[in-house]
There are 2 protein chains.
Amino acid sequence: MIHGRVRTLPPRIDIVREGETPHIMRLMLSGWAYRYKQLPDGRRQIVGFFLPGDICDLHLSILESMDHSLASITQIELAEVENDMFEAVIATSPTLKSAFWWDNLITIATLREWALNLGQRTALERIAHLLCELYTRLEKIGAAANQQMEFPLTQMDLGETCGVSTVHVNRVLKELRLDNLICLEGRLLSFPAMDRLKDLAAFDPRYLHLGSRGR
Amino acid sequence: MIHGRVRTLPPRIDIVREGETPHIMRLMLSGWAYRYKQLPDGRRQIVGFFLPGDICDLHLSILESMDHSLASITQIELAEVENDMFEAVIATSPTLKSAFWWDNLITIATLREWALNLGQRTALERIAHLLCELYTRLEKIGAAANQQMEFPLTQMDLGETCGVSTVHVNRVLKELRLDNLICLEGRLLSFPAMDRLKDLAAFDPRYLHLGSRGR
DNA sequence: CGAGAAGTTGAAGCGTGTCAAATGCAGTGG
DNA sequence: CCACTGCATTTGACACGCTTCAACTTCTCG
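We now turn to the structure provided with this report. Fair warning: this is a prediction, and the values are worked out from it, not measured in the lab.

You can overlay chain B on chain A at an RMSD of 0.0 Å; the transform is a turn of 180 degrees with a shift of 0.0 Å along its axis. On the angle and the small slide along the axis, the relation comes out as a two-fold axis. Comparing interface residues between copies, 100% of those in chain B also lie at the interface in chain A; the contact surface is shared.

Structure, rendered in structure tokens:
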């Protein structure tokens, strides 16, 4: 286990901004956060979500400066480890080292799936696919079960993830609701017909490579 | 330097298919290739290009099976290294090891930019951005100069990369041509006004992290 | 209770997809 | 050398998914 300072941050604030020079490694202990990129005119694209157990900035320190930003969604707890200490730890533990390779490879595989999502699927399929991915990941870490999960994302978040306007996200969610594929009560999201949803989204969880994984 | 078998492959064939189990590491020596993913109904998304000097499947061996495919565009030469041998080599060379970390991080950074591209830019901006990226990468390895490059991609390739129909790619290229932003003569692509093109695409090469890099 | 944020809805317009047909281009065989 | 074939490119007409704008409603929380 890696030790380091633990920080608690409020919801909806930037954790790191584009252009800063990273010097620590962060591990999500609780809550939801995301990574985003921005165009000069303000258009925003979310390029990844962090759930408990995820690593935020693995070895990003080798790069000179951040080409993206990190922000919290809910209140979050982060473990922060200085790079020097981090280097020292992985040097002594081959298990940890390969765990970090894993993390990197899964990040890449997920980004490839997101490219497929953004480039080829319709708005309906994209959102359905994202919901499948999030549920699957949460279930894996024991934070969701029985086709139910806490859902802290706004429709604007969904839009910025799926490259769709907020208004259209709303219409898509309505359609999913009318088809009885999702059910949203407050912040609790449930899937009355997960099979049909996965089918609609052409969701194949293999890209998440859930088989094994180190810690 | 890593030694291994060198293979020459003809243009337009699959190198590895989804589902196969990877057991070698491939390095591009010459030519162009790409990585793609596919939906069950056949929609295809290109998720990365390989140019000379690029690594195709870094440590993918840890994963059970490929979640995507590789295909050649031009005739290509590949250096192939068995995983065992590869492991042995990086174990002895910290320089190489960090070079591979680099490669991984740049792959990730590029995929994030692609997500931004697919999610937020218009078809015109997307294609302009892709052209800027390819030229920049080719220039880096000395395979392009003076705002000119060999361009082996078809309009269908461009479409499958940018999430745009082939017909619309054609219209976009026409617009770029009429605006005097690109000039295509046979397989030679040139940029009479690179500044304006980069501006149109909001192309900021920092994500490619060209600063340093090992080999 | 009030105020700001998030969600909802309708109408109109635009970017892009689809379909279909024509043109250009390169390789092949007669 | 030319006709033939198949693939890439080009163009027009039309359809549709999604965006934009604007107003309204519903939540959330101090």
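Right, let's get into the protein's contact with DNA strand C. Taken together, 15 residues lie near DNA strand C, and Gln155(A), Asn170(A), Ala123(B), Ser165(B) and His168(B) sit nearest. One nitrogen or oxygen atom from the side chain of Asn170(A) is found 2.9 Å from a phosphate oxygen belonging to DNA strand C. Contact between DNA strand C and Arg171(B): a base oxygen at 3.2 Å from a side-chain N or O atom of the residue. At the level of elements, α5 (166-178) of chain A together with α5 (166-178) of chain B are the ones that each hand at least two residues to the surface near DNA strand C.

All right, on to the interface of chain B and chain A then. The interface of chain B with chain A comprises 45 residues on the first partner and 45 residues on the second. Carbon and sulfur atoms make up 64% of the area that chain B and chain A hide from each other, which totals about 4300 Å². It is Trp101(B), Arg112(B) and Gln120(B) in chain B that bury the most area against chain A; as a group they hold 18% of the surface buried on that side. Put simply, chain B and chain A have eight salt bridges between them. Our enumeration of links across chain B and chain A arrives at 10 residue pairs in polar contact (both at pLDDT 80 or more). Looking at the side of chain B that touches chain A, the elements with two or more residues in it are β4 (33-38), β5 (44-50) and α2 (94-120) of chain B. For the side of chain B that touches chain A, the element with the highest residue contribution is α2(B), accounting for 17 residues. Taken together, the residues of the side of chain B that touches chain A sort by class into 19 nonpolar, 12 polar and 14 charged.

Thresholds, definitions, all that
Residues numbered from 1 in each chain as written. Chains lettered and ligands numbered in written order. Predicted model: local features only at pLDDT ≥ 70, side-chain atom pairs only at ≥ 80, totals over all residues. Heavy atoms only, no water. Least-squares fit on C-alpha atoms with pLDDT ≥ 70 in both. Contact = heavy atoms within 4.5 Å. Near = heavy atom within 4 Å. Polar contact = N/O pair within 3.5 Å; in protein donor to acceptor, adjacent residues only side chain to side chain. Helix = DSSP H or I, 4+ residues; strand = E, 2+ residues; numbered from the N terminus. Buried area = accessible area lost by both parts, 1.4 Å probe. Salt bridge = Lys/Arg side-chain N within 4 Å of Asp/Glu carboxyl O. Nonpolar A, V, L, I, M, F, W, Y, C, P; charged D, E, K, R; others polar.

Any functional reading would require information that these geometric values do not contain.
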